[in-house]
Amino acid sequence: MMQENIKLTDLVIELVDARIPASSRNPDIGELARNKARIVLLNKADLADPVCNREWMAFFEEQGAYALEVNSKSGAGIRAIDGLVREACKEKLERDRKRGIVNRPVRAMVAGIPNVGKSTFINSFAGKACAKTGNKPGVTKGKQWIRLNRNLELLDTPGILWPKFEDQEVGMRLAFIGSMNDEIVIMEELACDLLRQLRMLYPDAVCERYGIEWQDSETAVLEAIARSRGCFLKGERLDLKKAADILTDDFRSGRLGRMTLERPQGQENIQ
């Protein structure tokens, strides 16, 4: 469907999750939009490390795309998008002007993986509810054209993951942010994987949040979190599933602090 409609568009607006900008990019979109103007929106930028946000902005701009930090829920950064669209499509607009074509809107495809916030972005940008939203992946089921104003139309598309992860680390990071259904994930294992990442990148945040010390293993750390948060089953057994849910929810909501799990160094080109 996206291949069929890309020829109708002037611009691709791709949303990525600012906490994992590389892993939250569908590599197929780069090929799909090869000859189109590109805007990359670092969505949920308020949850990501501000230093890393700047590094990723520079990375995408070096690759020839326009980049912007946004928070679709609060609307932060949204007002700057109109100017960015005009800048990205200035050649197209100039060609139209020379041909005597006026008031033809820019048509932009909005793309991204599940749960990255496309529909929330569209509603925030439009200033009204145009697209269904939800905190689970897979809310948008089909395409819809949305006319924002006389200068811009958006094509909302369903979030799509690629058929197979060549790198299991990518799948793991997508699970961290909730782009996969938690029902198909073993949450205790996911929490231990997340703790392994946080031990390397933000160790103090975990200790401060739960009042614990790092242990020899991630399982032992999860057990310490369970004790700290009173997660017990009958017979005083630790409820590691509940502790895992608390940890992942604290990460996803930003209660652990602003965190980015990937850096631009060594990443492939966006096209």
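Just above, that's the structure.
The rules behind these values
Residues numbered from 1 in each chain as written. Predicted model: local features only at pLDDT ≥ 70, side-chain atom pairs only at ≥ 80, totals over all residues. Heavy atoms only, no water. Pairing = 2+ DSSP bridges. Helix = DSSP H or I, 4+ residues; strand = E, 2+ residues; numbered from the N terminus. Core = buried A, V, L, I, M, F, W, Y, C linked by side-chain atoms within 4.5 Å. Buried < 20%, exposed > 50% of the residue type's maximum accessible area, 1.4 Å probe, protein only. Contact = heavy atoms within 4.5 Å. Phe/Tyr/Trp six-rings, centres within 6.5 Å; stacked < 30°, edge-to-face > 60°. Lys NZ or Arg CZ within 6 Å of the ring centre and 35° of its normal. Axes fitted to C-alpha atoms, helices over the stretch in contact; angles between N-to-C directions. Parallel < 35°, antiparallel > 145°, perpendicular 65-115°, else oblique. Nonpolar A, V, L, I, M, F, W, Y, C, P; charged D, E, K, R; others polar. Salt bridge = Lys/Arg side-chain N within 4 Å of Asp/Glu carboxyl O.

Caption draft 1: Local environment of the pairing of strand S5 (residues 144–149). Across five bridges, the pairing between S5 and strand S6 (residues 152–156) is antiparallel. Residue Ile146 lies in a different strand from S6, and its bridge partner there is Leu154. Connecting the antiparallel pair S5 and S6 is a turn made up of two residues.

Caption draft 2: Up close: the nonpolar core. One finds Leu11, Ile13, Leu41, Ile81 and Phe121 to be the most contacted residues of the largest nonpolar core, which totals 58 residues. If you tally residues by element for this core, the top one is helix H8 (residues 187–201), at seven residues. Other than its neighbours up to four places away in sequence, Leu11 contacts Ala37, Arg38, Ile39, Val85, Ala88, Cys89, Val106, Arg107, Ala108 and Met109.

Caption draft 3: Up close: the packing of aromatic side chains. Inspection of the entire model under this criterion finds four aromatic pairs. Ring geometry for Phe59 and Phe60: centres 5.4 Å apart, planes at 70°, overall edge-to-face. Phe60 sits in the buried class, given a relative accessible area of 0%. Summarising the aromatic geometry, the rings of Phe121 and Phe125 are spaced 5.5 Å apart at their centres and angled 25° between planes, so their arrangement reads as stacked. Remark: Phe125 and Phe121 occur in helix H6 (residues 118–126); sequence separation between them is four residues, near one turn of the helix. The pair Phe121 / Phe125 is uniform in exposure class, with both members buried. Ring pairs connect the aromatic residues Trp56, Phe59 and Phe60, which therefore count as one cluster. Cation over ring: Arg107 sits above Trp145, and NZ or CZ is 3.9 Å from the ring centre.

Caption draft 4: Representation of the sheet that holds strand S1 (residues 11–17) within the structure. Pairing in this open sheet of six strands is mixed, and the strands run S3-S2-S1-S4-S6-S5 from one edge to the other. Of all the strands in the sheet, the pair left with one neighbour each is strand S3 (66–69) and S5. Adjacent strand axes in the sheet meet at a mean angle of 25° when their direction is disregarded. Examined bridge by bridge, S1 and strand S2 (residues 37–43) share seven bridges and lie parallel to one another. Looking across to S2, one finds that Ile13 is bridged to Ile39. Those strands touched by helix H3 (residues 50–62) are S2 and S3, and its axis lies near 165° from that of S3.

Caption draft 5: Representation of the packing of helix H10 (residues 218–228) against helix H11 (residues 240–253) in the model. Interaxial distance between H10 and H11 falls to 9 Å at its minimum, and their mutual angle equals 90°. The orientation of H10 with respect to H11, classified from their angle, is roughly perpendicular. Touching Leu222, Glu223, Ile225 and Ala226 of H10 are Leu240, Ala243, Ala244 and Leu247, all from H11. Considering only residue class, the contact of H10 with H11 consists of seven nonpolar, no polar and one charged.

Caption draft 6: Region of the structure containing the pattern of salt bridges. Tallied over the entire structure, the rule returns 19 salt bridges. A salt bridge links Lys90 to Glu87, with the shortest nitrogen-to-oxygen separation between them at 2.9 Å. Residue class for Glu87 comes out partly exposed when judged on its relative accessible area of 34%. Its salt-bridge partner being Arg97, residue Glu94 comes within 2.5 Å of it at the nearest N-O pair. With Glu94 and Arg97 both in helix H5 (residues 90–98) and three residues apart, the pair spans about one turn of that helix. A relative accessible area of 30% means that Glu94 is categorised as partly exposed. A residue is classified by how much of its surface remains accessible, and Arg97, at 53% relative accessible area, is exposed. If you follow the salt bridges from partner to partner, you end up with Asp193, Arg196, Arg199 and Glu218 in one network.

Everything listed here is a matter of coordinates, which is why it stays silent on function.
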